[in-house]
Amino acid sequence: MRPPTHFGNDITNTEANGNGGDEQNNQNNNGGGGGNNNNGNGNTGNTGNGGSNTDFIVERLTQMGATMMFPKIAGRGIIRVVERCDDAKENHNLDLSECELIQVPDAVYHLMRHTELKSCDLSGNVITKISPKFAVKFSLITELNLSHNQMAKLPDELADLHSLKTLDISHNTFIALPPVVFKMPKLRELRANNNAIIDIDRDEIIASDSLEMVDLRHNPLTPMCHDLLKHARLSFRIELSEREKEDWEDLTI
């Protein structure tokens, strides 16, 4: 199911948990009186006048379309994002896996602006693309996990991740290796298994000086590409699945 272009508070139920929800409850329960107004101002879980910075981030994450369209799931995902951003300030490892994200929201970049991250895990979401500014905001990371998403390409700006050593793009929808992976100066390990990769630009992959291992298992490589990669003399290791012969190749049939 394709997410809508814009996600409003009505979809994630954030507004119902904030001032709008309190106001409506007050009107229903007290005839418009102020008997329950203290709930909105005293509870840090609501975005009332006394709301915390976390409440602001939750609201911004929702407005920026950071989560899926199902209210209960989205609410849990937003809370998880905020909590993990707080954890990353301590351990410098940003784990946003399985947070129902369709993109990395601007609020995350804002929250992490004073933190030098070492790694970023975005696996297990429904992300279709990475913003070019990712490399600017998280330029010092050495590990990036983008596995189990819905990506088919990467921005060229990721070449500016000059410290990146490990990149995992497995279990996505790539039909070719993104050219940018050969421009990352320190990339040693590339996991691209379980995609839809059919062919590889051998000239480009052979030109890489930093790579030590490329995992291409469980991709529908053409017979010619598979054989060339299997017998190629490279400075790094390529992991391939055993190729199953096509029916026309089996002379015993």
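Going by the structure above, here's the rest.
The rules we used
Residues numbered from 1 in each chain as written. Predicted model: local features only at pLDDT ≥ 70, side-chain atom pairs only at ≥ 80, totals over all residues. Heavy atoms only, no water. Helix = DSSP H or I, 4+ residues; strand = E, 2+ residues; numbered from the N terminus. Contact = heavy atoms within 4.5 Å. Areas by Shrake-Rupley, 256 points an atom, 1.4 Å probe, with all protein chains shown as cover. Buried < 20%, exposed > 50% of the residue type's maximum accessible area, 1.4 Å probe, protein only. Arc of directions from axis to C-beta. Polar contact = N/O pair within 3.5 Å; in protein donor to acceptor, adjacent residues only side chain to side chain. Pairing = 2+ DSSP bridges. Axes fitted to C-alpha atoms, helices over the stretch in contact; angles between N-to-C directions. Phe/Tyr/Trp six-rings, centres within 6.5 Å; stacked < 30°, edge-to-face > 60°. Core = buried A, V, L, I, M, F, W, Y, C linked by side-chain atoms within 4.5 Å. Salt bridge = Lys/Arg side-chain N within 4 Å of Asp/Glu carboxyl O.

A. Focus on the overall build of the protein. Scanning the protein from N- to C-terminus turns up ten helices and seven strands. A sequence separation of at least 24 residues applies to 49% of the contacts in the protein between residues at least 6 apart. Carbon and sulfur atoms provide 46% of the accessible area of the protein, an area that totals close to 14100 Å².

B. Structural context of helix α10 (residues 223-231). When we look at burial in α10, the residues that qualify are C225, H226 and L229. The arc enclosing the buried residues of α10, seen along the axis, measures out at 100°, which places them on a common side. Facing away from the buried side of α10 by over 90 degrees, the exposed positions are M224 and H231.

C. Just the side chain of E100, in detail. Tracing the chain through its elements places E100 in the loop between β1 (93-95) and α7 (106-111). A distance of 3.4 Å separates the side chain of E100 from the side chain of R80, its partner in a polar contact.

D. Expanded view of the side chain of S119. With respect to the helices, strands and loops of the structure, S119 is situated in strand β2 (residues 119-121). Here N93 takes part through its side chain, which lies 2.8 Å from a polar atom of the side chain of S119. For S119, the contacting residues outside a window of four places in its chain are H92, N93, L94, I141 and E143.

E. Region of the structure containing the sheet that holds β1. The strand order across the open sheet formed by seven strands is β1-β2-β3-β4-β5-β6-β7, and the pairing between neighbours is parallel. The sheet terminates laterally at β1 and β7 (237-239), the two strands that pair on one side only. For this sheet, the mean angle separating the axes of adjacent strands, direction not counted, is 5°. Bridge analysis of β1 against β2 gives three bridges, and the strand direction is parallel. Paired with D95 across the strands is D121, a residue of β2.

F. Here's a closer look at the packing of aromatic side chains. A complete count under the given rule lists two aromatic pairs for this structure. Measuring from ring centre to ring centre gives 5.3 Å for Y109 and F138, while their planes differ by 50°; the resulting arrangement is tilted. Of this pair, Y109 sits in helix α7 while F138 sits in the loop between α8 (134-137) and β3 (143-145), placing them 29 residues apart in sequence. Note on accessibility: Y109 and F138 belong to one class, buried. Feature note: the residues Y109, F134 and F138 constitute an aromatic cluster, connected by ring pairs.

G. Representation of the nonpolar core. Core analysis: the largest hydrophobic core is formed by 50 residues, its most contacted members being L94, F134, L154 and L167. Contributions of two or more residues to this core are made by α6 (71-91), α7, α8 and α10. Not counting residues up to four positions away in its chain, the partners in contact with F134 are Y109, C120, L122, I141, L144, L158 and L161.

H. Molecular detail of the pattern of salt bridges. Scanning the model with the defined rule gives eight salt bridges in all. The partner of R84 in a salt bridge is D95, with the nearest N and O atoms 3.5 Å apart. One end of the pair, R84, is in helix α6; the other, D95, is in strand β1, and eleven residues separate them in sequence. Take R84: its relative accessible area is 22%, and that puts it in the partly exposed class. In this structure D95 comes out as partly exposed when scored by relative accessible area, which is 32%.

I. Just unusual backbone geometry, in detail. Look at E98: it is not a glycine, yet its phi comes out positive at around 55°. The residue E98 is located in the loop between β1 and α7 in this model. The class for E98 is exposed, based on a relative accessible area of 54%. Positioned with a positive phi, E100 is a non-glycine residue whose angle comes to about 60°. Overall, E100 belongs to the buried group, its relative accessible area being 18%.

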